[in-house]
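# Structure assessment
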Amino acid sequence: MEWFHKYRDKILYVGGYLALAVLLDLASGAFVLQTGLAICYPPAGLYMAAILLLGWWALPLAFLNPVFSVLVTLHSPDIPSIAVVGIGLASMISPAIALAGLRRIFRGFRFQTARDVTLFALIVFLAVFVECLAAAAVYVLTGLAPRSAFATIATGWWISNVIPCLTLTPVILLWVQGGINYELLRNKRIGFQTALILLSIPLTIFVSLSTQGDTSISRLYVALLPILWAALAGGMTGAAWASLVMTVSVLVLTPSLQISPEMIIEAQFFLLMATLAGLLTGSIVTERRRAESALRASEEKYRAIFENANDGIFQSTPAGRFLKVNPAMARMYGYESPQAMVEQVTDIATQIYVNVETREDLQRRLARESKVIGFEVCLQRKDGSQFWGSLDIHSIFDAEGNTLYYEGALTDVTIAKTTAENLLERQHLIETILEAEPGAVYIYDFQENKNVFVNKNWLTNYGYSKQEVPEIRDDTEQLLNMDDLPQIMQHRQRLEAALDDEGTFTVDYRIRGKDGNWRWVQSHDTVFTRNPAGQVTQILGILHDITESKQREAEVQRLNEELKLRVQELENSNAELTQFTYTVSHDLKSPLVTINGFLGYLEQDASSGNLERLKEDAQRIREATLKMHALLTELLELSRIGRVMNAPEEIPFADLVRNALEMVHGQLEARRVTVQIASPPGTQPGLPVVYGDRQRLMEVLQNLLDNAAKYMGHQSNPQIEIGSADAGGGDGQQTFFVKDNGMGIAPEYYERVFGLFDKLDASSEGTGVGLALVKRIIEVHGGKIWVESEWGTGSTFYFTLPIK
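On a predicted model such as this, the values are computed, not experimentally measured, just so you know.

Attention shifts here to the overall build of the protein. Summing up its helical and strand segments, the protein has 27 helices and 17 strands in all. Across the 804 residues of the protein, 41% fall into the buried class. Considering only residue pairs separated by 6 or more positions, the protein has 62% of its internal contacts joining residues 24 or more positions apart. Counting only carbon and sulfur atoms, one obtains 57% of the accessible surface of the protein, whose full area is about 44,100 Å².

So, in C-alpha cells, the structure goes:
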C-alpha cells in the first residue's frame, strides 16, 4: 500500500471528482429530459476546476463528463460511437486552452483582483467558444443534428458551459485555495447576514419566475440586488457563492414553473451577466479590503516603530515648531511627554540648538539637497544640559515644490563621540611614544592588509615616505619576498589564534627597501586591537635588522658545506690511498719479483756462456722495468688530478672529439674501427660547448676510445658512436656518451671497472688505471660517469659535463 500513501491526495481528488461528476451528470440529464433545454451544464465548471488544480495529467477527466452526459441524456443505442468520442474530445479543448492561457499569464493562478476575474472570464469565453464550435461540428458531421442547427447547438453549448465555469469553478478554486474565512461565519451578525442573503436569492428568483407574462425575466434582475449585497459583504467569496446559489435556484425552479424556451435563453444571459457583475464587484471589494488591511498594517507598524523606537523621530516646520515627536525624542530632551514638547518648544533654533547658526546651515543644506544624513550637532535639553546628536533629516514638499515640513530621526551620539575623541587622544599619545622609539615600529591592519602606521625609523631604514606607505600592501612583491610568505602567514595565524594580548610572537623575513635591496628583519609582534567579536584586527610590531647576522649564518653554512666536501674528498683520498697501498704492495711488487728472479738467471747464463738465454732473461727484466715505470707514471698522473689543473675554458665538444680521435688513430686503424658522431635528439646538428680543462677532458675521450677499441673482441664490424644524450638540463650539465658494439660488461662489474688497477681481463693491455683516471677527471668537473652494458652486446659509457 505504499503507492496509495504516495498518491493519496491525487486519488482522493480523482475519486471525489468522479463521484460529484456522476451526480451532476445525472442531475443535468434529468433536467434536459424534463425541459428539453440545456440551460446549464455544471460538470463543465467541475472539470475546468479539476484541470486548473491538478494540471495536465487530469485532462482526460474532461473526456468522461461529456461522454457520460451524452449517453445519459440521449440514452439511445443508435448514437454513433464516433459522435460520443468526438464530443468527449471536444470537451477537452476548453480546459486545455484555459490552463495554458492562465499558466502563461499567472504563476499560480488565484482569484484576488479584478484583473484576475477579467482575464479568467475572457480566457474562459474564448476557450469555450472554440470548444462549442468543435462540438457543434461533431453533431453535424456525425448526423446527430442537421446543418441548420449548427448555430443553435454552438450557442447553446457555449452559454451552458460558460455559466458553470463562471459559477462552480470560482467556488471550488476559492475553497481549495483557502479563500473561505470560517472564523467570520462564527460571528453572529455576519452569520445572520449570510443566511439572509442565501435565502433571499432563491426567494427572489422564485417570485420573478412565477410571475406570468413577459415581465418575469425583467423582474428576475431583482436577484442582482442580493448578489451585489453578497459581493459587498463577502467580497470575492461571497459573490462566488451567491452566483452558485442563483444558478442552482434557476435550475431547480425552471422545470416546476414550466418556463418557455425563449425565456430560458433570456434566463441564461441573466445568469451570465449577474455572475460577471457579482464576481467583478466582489473582486473589487476584496482588492480594496486587502489594500485597506495592508494600509492598516503599515500604519500600525509605523505607529509601533514611532512609539517604541530608541531614536528620536520628529516632524517640524521650517518656521521652527514641532508638529510631532515620539516618546524617545521627548525623553532625550527631558520633556514629560511628546505633547508637552510640541507645546513648549516654540523656537527650535534657540531652544534646541546650542548654536543658532547650525540650524540655519542645516536649512540651507536641505534647500540644496532635500536630504541630509549623519549631520552631527550639539544640542541642549530642557534643563540646559548639552549633548551631541546625529540627524538624518529630509524635506517633505507640496505639489508646487514648496517645503511643507521636515521629517527625520535623531540619535544621541554623545558617548560614541566622547569615546572617539578619547580614542583619538589615546592614538595620538601612542603614536607620539612610538615615534620616539629607536626601533622600526609599525601597526599592521589585517582587514586592509597593510601598515596603517610606521614610525620615523621605519621610514628611514627602508627609504619610503609617509605618503607611500598606505599604498604598499603585503600581498605584492614591492615590500615582501614571496619566498617568505608561508612563514609570514603561519605567523599571522598564530597571532589570530592568540587568546590574550600579552604574548609576543617572532618571525624572520625579508623587506625590500625603496632602493631595491633586501634586508633581513626579525619582527616581534603582539596583538594591538580586536573587534567586538574578539577577532584580532591590528598588531603592533618592532623590527630588528638581522641582515649581518643572516649573512654570517650563510657564511657559516657555506663553510660547513665546504668542510663537508673536503671531508668527503679526504675520505675518497683515504680510500684511494688504501687501494694505492695495496697496489704498491701487490702490483708494483710483481715486477720487482720478476727482476730479482731473472737477475739470478743472468748469473747462471753468464757462467754457462749461454748468450741466447742471457738475451731473453735481459728482455724479461726490461719488460718488468717498463711495466713498473708505466704504473708509477699513471699513479703520479692520477694523484695530480684535482691538484694540478689547467684554467677552465669554453670548448666545443666536437673539437675534443676530433683531437682525441687523432691521438688514438693508430689503435682504431689497427682494429678497423669506424667512429660516428651523433647530435642530441630534437636539436640542431652539432655538439654543444662544454666548460672545463681542455687537456683533461681530451684525456677522458682518449681513454674511453682506447678502452672501446681494446675490448671489441672478435667483432667483424667494430663501431664506436660518440654524442650527446640530451639537449641539456636546467642544472647546467649535459650528458654525453661513448658507445661500442664490442664484448660488453656483465652488470656485476659495472662499479668495478672504475676501480684502480681493476682489469676484467688480466691478459689485456694496459695497467687498469685508465677508467679510474676518467672517473676522477669527470668528478673534478662536477659531473658523474656510469656504464650501461650487457655481455656480448657492447657497452655505453655515459658522463655529464658542465655547459655554458
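Where two aromatic rings form a pair, the distance of their centres and the angle of their planes describe that pair. Counted according to the given criterion, the structure contains 10 aromatic pairs. Both rings, one in Phe737 and one in Tyr798, keep their centres 6.2 Å apart while their planes meet at 55°; by these two values the pair is tilted. Here Phe737 is found in strand S15 (residues 733-740), whereas its partner Tyr798 is found in strand S17 (residues 794-802), with 61 residues between them in sequence. Taken individually, Phe737 and Tyr798 each receive the classification buried, so the pair is uniform in this respect. Their ring planes at 15° and their centres at 5.5 Å tell us that Trp786 and Tyr798 sit as a pair that is stacked. Of this pair, Trp786 sits in strand S16 (residues 785-790) while Tyr798 sits in strand S17, and the two are 12 residues apart along the sequence. Relative accessible area serves as the criterion here: at 28%, Trp786 is assigned to the partly exposed category. Three or more aromatic residues joined by ring pairs make a cluster, and in this case those are Phe653, Phe736 and Phe799. The ring of Trp388 carries Lys417 above its face, with NZ or CZ at 4.5 Å from the centroid. For Arg492, the ring lying beneath its charged end belongs to Phe446, and the centroid distance is 4.3 Å.

A few words on the sheet that holds strand S9 (residues 518-530). With antiparallel pairing, the 5 strands of this open sheet are ordered in space as S7-S6-S10-S9-S8. Whereas interior strands pair on both sides, the edge strands pair on one side only; in this sheet they are strand S7 (450-454) and strand S8 (505-512). Adjacent strand axes in the sheet meet at a mean angle of 35° when their direction is disregarded. Relative to S9, S8 is paired through 8 bridges, and the arrangement is antiparallel. From the neighbouring strand, Val507 faces S9, where its bridge partner is Ser523. Running at roughly 145° to S8, helix H20 (residues 485-496) makes contact with strand S6 (440-445), S8, S9 and strand S10 (536-545) of the sheet.

Further remarks concern the pairing of strand S5 (residues 403-412). Summarising the sheet, strand S1 (residues 312-316) and S5 pair through 5 bridges and their orientation is antiparallel. What sits directly across from Phe314, in S5, is Gly408. Here strand S4 (residues 386-397) hands over to S5 after 5 residues, with Gly401 in that stretch at a positive phi of 90°.

This next bit is on the environment of Pro718. Here Pro718 is to be found in the loop between helix H26 (694-710) and strand S14 (719-724). A residue is classified by how much of its surface remains accessible, and Pro718, at 6% relative accessible area, is buried. Here the alpha-carbon distance between Pro718 and Arg672, two residues 46 residues apart in the chain, equals 7.0 Å.

Moving on, we come to helix H3 (residues 42-54). The first and last C-alpha atoms of H3 sit 19 Å apart over 13 residues, in line with the 18 Å expected at 1.5 Å per residue. Across the 13 residues of H3, 12 count as buried, placing the element largely inside the fold. Along H3, the residues that are buried comprise Pro42, Pro43, Ala44, Gly45, Leu46, Tyr47, Met48, Ala49, Ala50, Ile51, Leu52 and Leu54.

Scoring rules and cut-offs
- Residues numbered from 1 in each chain as written.
- Predicted model: local features only at pLDDT ≥ 70, side-chain atom pairs only at ≥ 80, totals over all residues.
- Heavy atoms only, no water.
- Helix = DSSP H or I, 4+ residues; strand = E, 2+ residues; numbered from the N terminus.
- Buried < 20%, exposed > 50% of the residue type's maximum accessible area, 1.4 Å probe, protein only.
- Contact = heavy atoms within 4.5 Å.
- Areas by Shrake-Rupley, 256 points an atom, 1.4 Å probe, with all protein chains shown as cover.
- Phe/Tyr/Trp six-rings, centres within 6.5 Å; stacked < 30°, edge-to-face > 60°.
- Lys NZ or Arg CZ within 6 Å of the ring centre and 35° of its normal.
- Pairing = 2+ DSSP bridges.
- Axes fitted to C-alpha atoms, helices over the stretch in contact; angles between N-to-C directions.
- Expected span 1.5 Å × (residues − 1).

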